[in-house]
Amino acid sequence: MKRPTLQIILSLILVPAALVVFRAAAANSPARAITAPLQAATVSISNFSFQPAVLTLKAGARVTWTNHDTTPHTVTSSDKRFTSSGGLDTGDQYSIVFDKPGAYEYFCSLHPMMVGKVIVQPSN
Amino acid sequence: MPALPAQYTIEDNRMKDQDGQPETQAGMDRRKFLKCMAWAGGGVLWVMQGGVLRAQTLSVGDTAAAVADSTFSFVQISDSHIGFHQAPNPDVTATLREAIAKVNALSVAPAFVVHTGDLTHLAKPEQFDTVAQVTRGFKTEHTFFVPGEHDALGDNGTQYFSRFGKGSSGQGWYSFDYRGAHFIGLINVLDFRPGGLGRLGHEQLEWLEKDVKGLSSSTPIVVLAHMPLWTMYEKWGWGTEDSAQALAYLRRFGSVTVLNGHIHQIQHKVEGSIRFYTARSTAYPIPEAGTVPAPGPDASVTADRLHSLIGVRDVRYVKVDSPLAITDSALN
Ligand SMILES: [Cu+2]
């Protein structure tokens, strides 16, 4: 009795999630769009915030941050688990490939109230 | 920090309880009046009179009279952001030069200049080169710096300290005495923690406690730091998370003046005997807290208005207990 309900709920969650994955992947690597998990994501730095602030993707994915503010910012791992970007001036980009699953918290070392997180899930 | 001439460290010059103005007179003065706070060309002229620090416009004609009546004066500039080249100021080097020209034009030369941080925009070697070269244009012999977070970008301040922090103690903080007043340069822009504000840190706080321990409570104290030492607007990071401890060490002094930069606008607060002032930038204004989504440069400022926002500001004969009466007049 409970199982069908659960399936409906799961499909409600999974269908939109799959669409998001498809769109993001399609934009970056059309050849692998249909079967590959999320391979690349972008984070916009604007108005002193990381957008989106929380990003979930599969191991091996690349995240690229772009600073759209006229003030420099950094992408700095909160626990030194990845290399800091250093100062990103207007228009500068920084990319990191996340190979290992885990939750990677980061912040801007100039404006520490700016925080973000990348959640990396196992690729299988 | 450059090596100091002997006059900066003469202990005997420090104001003692019975020295100078009668304490009651000075105390009354401190409590009742902030005589003159002023701003011109991105700089403030600070005048020490009877142990009370006052600010004075750089371009108004009566400056010379006020300075003649004072113990000494100095100038504050801040946030020159050399390397910034966007709206509303594509040439921040030119406006820094203008500020320096204003200071040099004073009829009575200030004793020294203080720069309260963000010398550069991105802490690049060539940006520090420009700061060093342009600030050599001050006729005044000494310029004291404290770093802003932009100066510590990428290397936690290593490059800044090797060039502008020589002779300082610890991680770059310092103090010196000048004709009875005790000046303290603090650093609150290193080792930021995620989600946090500016930080002084345990080591610096311990140093500060020791630094002021032997001083008479009547010694005028002037504190320089880049980020505000009071929480002005936490959402924008305008504050220092452990400043309360620093202020606790300073509360016993009859006159404490805290000069900050960082927010590119004049704000003022009085807390007992402690007066806080934030300075304008020589480069660009930032809107008031909370009026826009983020604390970035105010790009909406047109070229003809820029100089009015890094221009002249007078604040005169204001009772400390009431809001400041501020008069702005444009440079051009
Ligand atoms: Cu930032």
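Residues numbered from 1 in each chain as written. Chains lettered and ligands numbered in written order. Predicted model: local features only at pLDDT ≥ 70, side-chain atom pairs only at ≥ 80, totals over all residues. Heavy atoms only, no water.

Draft legend 1. Expanded view of the packing of helix α6 (residues 202-213) of chain B against helix α7 (residues 243-250) of chain B. All names here are of chain B. Between α6 and α7, the least distance of the axes is 9 Å, while the angle of their chain directions is 10°. Taken together, the axes of α6 and α7 lie roughly parallel to each other. Along the contact surface, α6 presents Leu205, Leu208, Glu209 and Val212, while α7 presents Gln245, Ala246, Tyr249 and Leu250. Across the contact of α6 with α7, the residue classes tally to 6 nonpolar, 1 polar and 1 charged. (Axes fitted to C-alpha atoms, helices over the stretch in contact; angles between N-to-C directions. Helix = DSSP H or I, 4+ residues; strand = E, 2+ residues; numbered from the N terminus. Parallel < 35°, antiparallel > 145°, perpendicular 65-115°, else oblique. Contact = heavy atoms within 4.5 Å. Nonpolar A, V, L, I, M, F, W, Y, C, P; charged D, E, K, R; others polar.)

Draft legend 2. Just the coordination of the copper ion, in detail. Each protein donor to the copper ion is listed here as A:His73 (ND1), A:Cys108 (SG) and A:His111 (ND1); together their distances run 1.9 to 2.2 Å. Classification of A:Cys108 as buried rests on a relative accessible area of 0%. (Donors = N, O, S within 2.8 Å, 3.2 Å for Na, K, Ca; no water. Buried < 20%, exposed > 50% of the residue type's maximum accessible area, 1.4 Å probe, protein only.)

Draft legend 3. Molecular detail of the packing of aromatic side chains. Across all of its chains, the model carries 25 aromatic pairs over all chains by this definition. Ring geometry for A:Phe82 versus A:Tyr104: centroids 6.5 Å apart, planes at 55°, classification tilted. In this pair, A:Phe82 is assigned in the loop between β5 (76-77) and β6 (93-98) and A:Tyr104 in strand β7 (residues 102-107), connecting sequence segments 22 residues apart. When sorted by exposure, A:Phe82 lands in the same class as A:Tyr104, which is buried. Each residue in the set A:Phe50, A:Trp65, A:Phe82, A:Tyr94, A:Phe98, A:Tyr104 and A:Tyr106 is aromatic and connected to the rest through ring pairs, giving one cluster. Above the face of the A:Tyr104 ring, A:Arg81 is positioned so that its terminal group lies 4.2 Å from the ring centre. Here the basic side chain of B:Lys269 rests over the ring of B:Phe276, its NZ or CZ set 5.7 Å away from the ring centre. (Phe/Tyr/Trp six-rings, centres within 6.5 Å; stacked < 30°, edge-to-face > 60°. Lys NZ or Arg CZ within 6 Å of the ring centre and 35° of its normal.)

Draft legend 4. Seen up close, the interface of chain A and chain B. At the junction of the two partners, chain A supplies 16 residues and chain B supplies 22 residues. It is A:Thr70, A:Leu110 and A:Met113 that lose the most area in chain A upon contact with chain B, and together they represent 33% of the buried surface on that side. Taken together, the links from chain A to chain B amount to 0 salt bridges. Joining chain A to chain B, the criterion identifies 2 residue pairs in polar contact (both at pLDDT 80 or more). (Buried area = accessible area lost by both parts, 1.4 Å probe. Salt bridge = Lys/Arg side-chain N within 4 Å of Asp/Glu carboxyl O. Polar contact = N/O pair within 3.5 Å; in protein donor to acceptor, adjacent residues only side chain to side chain.)

Draft legend 5. Looking closely at the sheet that holds strand β7 (residues 174-178) of chain B. Residues and elements named next belong to chain B. Strand order in the open sheet formed by 6 strands is β7-β8-β9-β10-β12-β11, and the pairing between neighbours is mixed. Edge strands, defined here as strands with exactly one partner in the open sheet, are β7 and β11 (267-271). The sheet shows a mean angle of 15° between the axes of neighbouring strands, taken without regard to direction. Pairing geometry for β7 and strand β8 (residues 181-185), over 5 bridges, is antiparallel. Across the sheet, residue serine 175 finds its bridge partner in β8, namely isoleucine 184. (Pairing = 2+ DSSP bridges.)

Draft legend 6. Structural detail: α6(B). Over its 12 residues, α6(B) runs 17 Å from end to end, which matches the ideal 16 Å to within 8%, given 1.5 Å per residue. Looking at the buried side of α6(B), the elements it contacts are β7, β8 and α7 of chain B. (Expected span 1.5 Å × (residues − 1).)

Draft legend 7. Spatial organisation of the layout of surface pockets. When its volume is computed, the largest pocket comes out at roughly 490 Å³. In terms of lining residues, the largest pocket is bounded by 23 residues, among which A:Thr76, A:Phe107, A:Ser109, B:Asn156 and B:Phe192 are the most central. (1 Å grid on protein atoms, 1.4 Å probe; cavity = no way out; pocket = protein on both sides within 12 Å on 5 of 7 lines; lining within 4 Å. Points joined across faces, edges and corners; volume = space filled by probe spheres on them.)

Draft legend 8. Region of interest: empty space enclosed by the protein. As enumerated under the stated definition, the model contains 3 cavities of 30 Å³ or more in all. Its boundaries defined by the atoms lining it, the largest cavity holds a volume of some 160 Å³. Lining the largest cavity are 21 residues, with A:Phe48, A:His111, B:Glu149, B:His262 and B:Pro295 sitting closest to its centre. The residue makeup of the lining of the largest cavity, split by class, is 11 nonpolar, 8 polar and 2 charged.

Draft legend 9. How the structure looks around the confidence of the model for chain B. All names here are of chain B. Confidence in the prediction of chain B, expressed as mean pLDDT, is 76, and 72% of residues score 70 or more. Ranking the helices and strands of chain B by mean pLDDT puts α7 first, with 98, and strand β13 (residues 312-319) last, with 27. Considering only residues more than four positions removed or in separate chains, one finds that residues 1-41, a stretch of pLDDT under 50, has 120 contacts. Confidence over residues 311-332 falls short of pLDDT 50; this stretch has 72 contacts with residues more than four positions distant or in other chains. (pLDDT = per-residue confidence, 0-100.)

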